[in-house]
Amino acid sequence: MSNYAIILAAGKGTRMKSDLPKVLHKVSGITMLEHVFRAVSALNPEKTVTIIGHKAELVREVLSGKSSFALQTEQLGTGHAVMMAEEELARLAGQTLVIAGDTPLITGESLKNLIDFHVNHKNVATILTATADDPFGYGRIIRNQHGEVTKIVEQKDATEFEQQVKEINTGTYVFDNKRLFEALKNINTNNAQGEYYLTDVISIFRENGEKVGAYVLRDFNESLGVNDRVALATAESVMRNRINKAHMVNGVSFQNPEATYIEVDVVIEPDVVIEANVTLKGQTKIGSESFLTNGTCIVDSNIGQRVVVTNSTIKESTVADGVTVGPYAHIRPESVLAENVHIGNFVEVKGSTIGENSKAGHLTYIGNAEVGTEVNFGAGTILANYDGKNKFKTTIGDNVFVGSNSTIIAPLTIGNRAVTAAGSTVTKDVPEDSIAIGRGRQENKDGYAKHFPYHPSKR
Ligand code: UD1
Ligand code: CA
């Protein structure tokens, strides 16, 4: 039978105290909605309908092209939200997963187990539940003396006795699709919040003598519903542990996994060693045997094998095998460092390609440059690429020796094996095998230092 899915994402998330719709807050680098969507994708649903409302266009963007959307113009409750999918789904035979967009920790595996359980038990509705130490705020699962689920009661509607129940509704369910939309016609707003509760369909099914069940999650953490920033931080911490553990299982060493921040899509090969306080974001890949020290932050970059990054920042760049970066280096977007390049302390590279074995050891700025192989940049070199309005390119050939404190004023080209003398301001192209000297000539005044007030003879 076919699977369908409905993701509830129309709410504002008042308790977040945010301008951003709740489901767009991120956990380990991607929105909560995207986490939920990825879990749902494990079921290969024939159709997925996301219910949007508050700031609908912003929410739509996240899943555009991946999901259909139904607009809930007024947020009258989770039951009302599901009704918005009626037009798209109500006539179809099959089962429908309904999931809240604010439960980012639920896994695809648990959703598969839930569906299997639902199908095997021939239920009309199956609730994904969990046992909470502190169930406050969640809907409670009420069972009769035979242990059968009879209804779900919301926190605000629960009697004192019902509030003792520790089994909670995760906000995820599987329903017989047609029966779901039929039952929704019978819910009302007679409750503490004056909302159409989706959870009310459970007692409606029971009253009809239909079979309702619950599949209990083993790990309560998965069920976490994020309603405020405290829960958001908890979700982040659970997700971090999950991500880091998966990398460890794959052969990555962590000095302190609690203090290492790796977003969901980062790929790390075996035998990488990562010290504490390292952040890896976005679409980043780290090749095997690389070593990332304390304080390193890498964003959307492809890092090769045996690369050493010491307390440095790399963004939207490609770093080949054997490169060393840092300490305190900044590799800015669209830079390409070829094999065995060495970028040392206080060096900034931006939008530049640097050829194999080239080195910039200290205090250098390389911007908009194409640099050959085996080039050496002396300390304090600046490629002056910007006139306040436009950026200009510098081309440096192979085996060039750039003397310390050279200021190279782009646009220009320095030929292979050329040298710039230390302290030169280079304003013209330098031909191959030539030396450019662009500095005042030194003159020595013999004995003059003795007249200088600081001279030892004056003290
Ligand atoms: C809901 C459940 C509760 C469960 C909890 C799990 C109901 C009545 N209660 O409560 O039993 O324990 O989730 O986390 O369903 N939404 C809409 N339109 C609306 C209202 C909500 O799209 O009109 C969306 C929200 O954006 C959110 C999700 O539905 O993604 C859940 O809504 P929320 O208000 O957080 O429900 P809870 O009070 O947490
Ligand atoms: Ca919630």
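As recorded in an unreviewed UniProt entry, the chain goes by the name Bifunctional protein GlmU, listed as coming from Streptococcus caledonicus. Listed under Subcellular location (unreviewed entry) in UniProt, the entry text for the chain is "Cytoplasm". The Subunit (unreviewed entry) field of the UniProt record for the chain holds the comment "Homotrimer."

A. Inspection of the overall build of the chain at higher detail. From N to C terminus, the chain includes 9 helices and 39 strands. Over its C-alpha trace the chain gives a radius of gyration of 31 Å, far above what one expects of a compact globule, namely 23 Å for 459 residues. Each principal axis of the C-alpha distribution contributes one length, and for the chain these read about 110 × 50 × 40 Å. Accessible surface for the chain amounts to roughly 21,900 Å². Of this, 48% is attributable to carbon and sulfur atoms.

B. Broad picture of the packing of helix H1 (residues 32-41) against helix H2 (residues 56-63). At a minimum axis separation of 10 Å, H1 and H2 run at an interaxial angle of 40 degrees. By the angle between their directions, the pair H1 and H2 is classed as oblique. For the pair H1 and H2, the sense of crossing is right-handed. Residues Leu33, Glu34 and Phe37 of H1 form the contact with H2, whose participating residues are Val59, Val62 and Leu63. Of the residues in the contact of H1 with H2, the class split is 5 nonpolar, no polar and 1 charged.

C. Main features of helix H5 (residues 108-120). Compared with the 18 Å implied by 1.5 Å per residue over 13 residues, the 18 Å span of H5 between its first and last C-alpha is a close match. Restricting attention to buried positions, one finds in H5 the residues Gly108, Ser110, Leu111, Leu114, Ile115 and His118. The buried residues of H5 occupy one face: seen down the axis, they fall within an arc of 160 degrees. Exposed and oriented more than 90 degrees from the buried face of H5 are Glu109 and Asn120. Residues of H5 that are buried sit in contact with strand S1 (3-9), H1, strand S6 (95-100), strand S7 (125-131), strand S10 (167-176) and strand S11 (212-216). One or two steps after H5, the chain reaches Lys122, where phi turns positive at roughly 50 degrees.

D. Local environment of the coordination of the calcium ion (ligand 2). Around the calcium ion (ligand 2), the protein contributes the donor atoms Asp102 (OD) and Asn227 (OD1), which lie 2.4 to 2.5 Å from the metal centre. Note that Asp102 is positioned in the loop between S6 and H5 and Asn227 in the loop between S11 and helix H9 (229-249), a separation of 125 residues in sequence.

E. Looking closely at the site of ligand 1. Residues in contact with ligand 1 amount to 24 residues; listed here are only the nearest, Gln72, Gly77, Thr78, Glu154 and Asn169. Leu8 places a polar main-chain atom, nitrogen or oxygen, 2.9 Å from an oxygen atom of ligand 1. Protein burial of ligand 1: of its 760 Å² of free accessible surface, 90% is covered by the chains. Mapped by element, the contributors of at least two residues to the shell around ligand 1 are S1, helix H3 (78-83) and S10. When residues in the shell around ligand 1 are grouped by element, the largest group, 3 residues, is from S10. Considering only residue class, the shell around ligand 1 consists of 8 nonpolar, 12 polar and 4 charged.

F. Layout of the UniProt feature "binding site: acetyl-CoA" (unreviewed entry) in the chain. Taking the UniProt record as the reference, the feature "binding site: acetyl-CoA" (unreviewed entry) is found at Ala379, Asn385, Tyr386, Ser404, Ala422 and Arg439. Relative to the helices and strands, Tyr386 resides in the loop between strand S32 (382-384) and strand S33 (394-396). Engagement of the side chain of Tyr386 in a polar contact is seen with the backbone oxygen of Gly388, the distance being 3.0 Å. Looking at the element boundaries, Ser404 is found in the loop between strand S34 (401-402) and strand S35 (407-409). In terms of polar contacts, Ser404 uses its side chain to reach the backbone amide nitrogen of Ala379, at 3.3 Å.

G. Layout of the UniProt feature "binding site: Mg(2+)" (unreviewed entry) in the chain. Following the UniProt record, the feature "binding site: Mg(2+)" (unreviewed entry) maps to Asp102 and Asn227 here. Spanning 126 residues, the named residues form one tight spatial group whose C-alpha atoms are at most 7.4 Å apart. Beyond its immediate stretch of four places on either side in the chain, Asp102 contacts Lys22, Val23, Met32, Leu224, Gly225, Val226 and Asn227. When sequence neighbours within four positions are dropped, the list of residues in contact with Asn227 reads Arg15, Met16, Lys22 and Asp102. There is a polar contact of 3.0 Å between the side chain of Asn227 and the side chain of Lys22.

H. Representation of the sheet that holds strand S17 (residues 285-286) in the model. Across the sheet, which stays open at both edges, the 9 strands sit in the order S14-S17-S20-S23-S26-S28-S30-S33-S36 with parallel pairing between neighbours. Taken across any chain shown, the strands that pair with only one partner, and hence form the sheet edges, are strand S14 (267-268) and strand S36 (412-414). Inspection of the sheet shows strand S26 (residues 336-337) paired to strand S28 (residues 353-354) by 2 bridges, in the parallel sense. The residue bridging Leu337 from the neighbouring strand is Ile354, located in S28.

I. Spotlight on the packing of aromatic side chains. Overall, the coordinates contain 5 aromatic pairs when judged by the stated rule. Ring centres 6.1 Å apart and planes at 80 degrees place the aromatic pair Tyr138 and Phe220 in the edge-to-face group. Of this pair, Tyr138 sits in the loop between S7 and strand S8 (140-143) while Phe220 sits in the loop between S11 and H9, and the two are 82 residues apart along the sequence. Owing to a relative accessible area of 13%, Tyr138 belongs among the buried residues under this scheme. Among the aromatic side chains, those forming a connected cluster through ring pairs are Tyr173, Phe175 and Phe205. Lys391 extends its terminal NZ or CZ atom over the ring of Tyr386, reaching a point 4.8 Å from the ring centre.

About the thresholds
Residues numbered from 1 in each chain as written. Chains lettered and ligands numbered in written order. Predicted model: local features only at pLDDT ≥ 70, side-chain atom pairs only at ≥ 80, totals over all residues. Heavy atoms only, no water. UniProt positions renumbered as here; feature names shortened; annotations may be inferred. Helix = DSSP H or I, 4+ residues; strand = E, 2+ residues; numbered from the N terminus. Rg over C-alpha atoms; globule rule 2.2 N^0.38 Å. Areas by Shrake-Rupley, 256 points an atom, 1.4 Å probe, with all protein chains shown as cover. Axes fitted to C-alpha atoms, helices over the stretch in contact; angles between N-to-C directions. Parallel < 35°, antiparallel > 145°, perpendicular 65-115°, else oblique. Left-handed = near helix turned anticlockwise from the far one by under 90°. Contact = heavy atoms within 4.5 Å. Nonpolar A, V, L, I, M, F, W, Y, C, P; charged D, E, K, R; others polar. Expected span 1.5 Å × (residues − 1). Buried < 20%, exposed > 50% of the residue type's maximum accessible area, 1.4 Å probe, protein only. Arc of directions from axis to C-beta. Donors = N, O, S within 2.8 Å, 3.2 Å for Na, K, Ca; no water. Near = heavy atom within 4 Å. Polar contact = N/O pair within 3.5 Å; in protein donor to acceptor, adjacent residues only side chain to side chain. Pairing = 2+ DSSP bridges. Phe/Tyr/Trp six-rings, centres within 6.5 Å; stacked < 30°, edge-to-face > 60°. Lys NZ or Arg CZ within 6 Å of the ring centre and 35° of its normal.

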